[in-house]
Amino acid sequence: MAGMGLLAAAIAVGLGALGAGIGNGLIVSKTVEGIARQPEARGVLQTTMFIGVALVEALPIIATVIAFIVMNK
């Protein structure tokens, strides 16, 4: 039964990291696209991008916490 907990923890962390990587890639690519279309909106777009990246980066942290909780049960 302990092996299943470790497997669940590994899957949680792996999927959390995968999701964050895809999310960050989409956020940054769309920001670069927006800056290319409207260079004058660069400041607003970058600020929004950094907020979005920070929110997306919370996902792997939460997944890691859940993995530790699952491992301790």
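Thresholds applied
- Residues numbered from 1 in each chain as written.
- Predicted model: local features only at pLDDT ≥ 70, side-chain atom pairs only at ≥ 80, totals over all residues.
- Heavy atoms only, no water.
- Helix = DSSP H or I, 4+ residues; strand = E, 2+ residues; numbered from the N terminus.
- Rg over C-alpha atoms; globule rule 2.2 N^0.38 Å.
- Buried < 20%, exposed > 50% of the residue type's maximum accessible area, 1.4 Å probe, protein only.
- Contact = heavy atoms within 4.5 Å.
- Areas by Shrake-Rupley, 256 points an atom, 1.4 Å probe, with all protein chains shown as cover.
- Expected span 1.5 Å × (residues − 1).
- Axes fitted to C-alpha atoms, helices over the stretch in contact; angles between N-to-C directions.
- Parallel < 35°, antiparallel > 145°, perpendicular 65-115°, else oblique.
- Nonpolar A, V, L, I, M, F, W, Y, C, P; charged D, E, K, R; others polar.
- Patch = residues over 30% accessible without salt bridge, like charges linked within 9 Å, V, L, I, M, F, W, Y side chains within 5 Å.
- Salt bridge = Lys/Arg side-chain N within 4 Å of Asp/Glu carboxyl O.

J.: When you look at the overall build of the protein chain in this model, what are you seeing that I'm missing?
T.: Helix and strand counts for the protein chain stand at two helices and zero strands. Taking 2.2 N^0.38 as the reference for a compact globule, 73 residues should give roughly 11 Å; the C-alpha atoms of the protein chain span a radius of gyration of 17 Å, well beyond that estimate. Put simply, the protein chain has 73 residues, and 19% of those count as buried. If you take every contact in the protein chain between residues at least 6 apart in sequence, the share linking residues at least 24 apart comes to 74%. With an accessible surface of roughly 5,200 Å², the protein chain has 76% of that area assigned to carbon and sulfur atoms.

J.: Mind showing me how you'd approach helix α2 (residues 42–72) here?
T.: A turn of α-helix holds 3.6 residues, and therefore any two residues three or four places apart point the same way. A rise of 1.5 Å per residue sets the reference length of α2, with its 31 residues, at 45 Å; its end C-alpha atoms lie 46 Å apart and thus fit the reference within 8%. Along α2, the residues that are buried comprise M49, G52, P60, A63 and A67. Where α2 is buried, its residues contact α1 (2–37).

J.: Help me out: how do you make sense of the packing of α1 against α2 in this one?
T.: Two measures define how a pair of helices packs: the angle their axes make with one another and the distance between the axes. Viewed as axis vectors pointing N to C, α1 and α2 meet at an angle of 175°, and their least axial separation amounts to 8 Å. What the angle tells us is that α1 and α2 run roughly antiparallel. For the contact of α1 with α2, the per-class residue count stands at 20 nonpolar, ten polar and two charged.

J.: Whenever I open this one, a nonpolar patch on the surface confuses me. Can you help?
T.: On the surface, M4, L7, I11, L15, L18, I22 and L26 cluster together into a nonpolar patch covering about 710 Å² of accessible area. Tracing the chain through its elements places M4 in helix α1. For M4, a relative accessible area of 55% gives the class exposed.

J.: Would you mind showing me how to read the side chain of T31 here?
T.: Structurally, T31 can be placed in helix α1. If sequence neighbours within four positions are ignored, T31 has contacts with L45, Q46 and M49.

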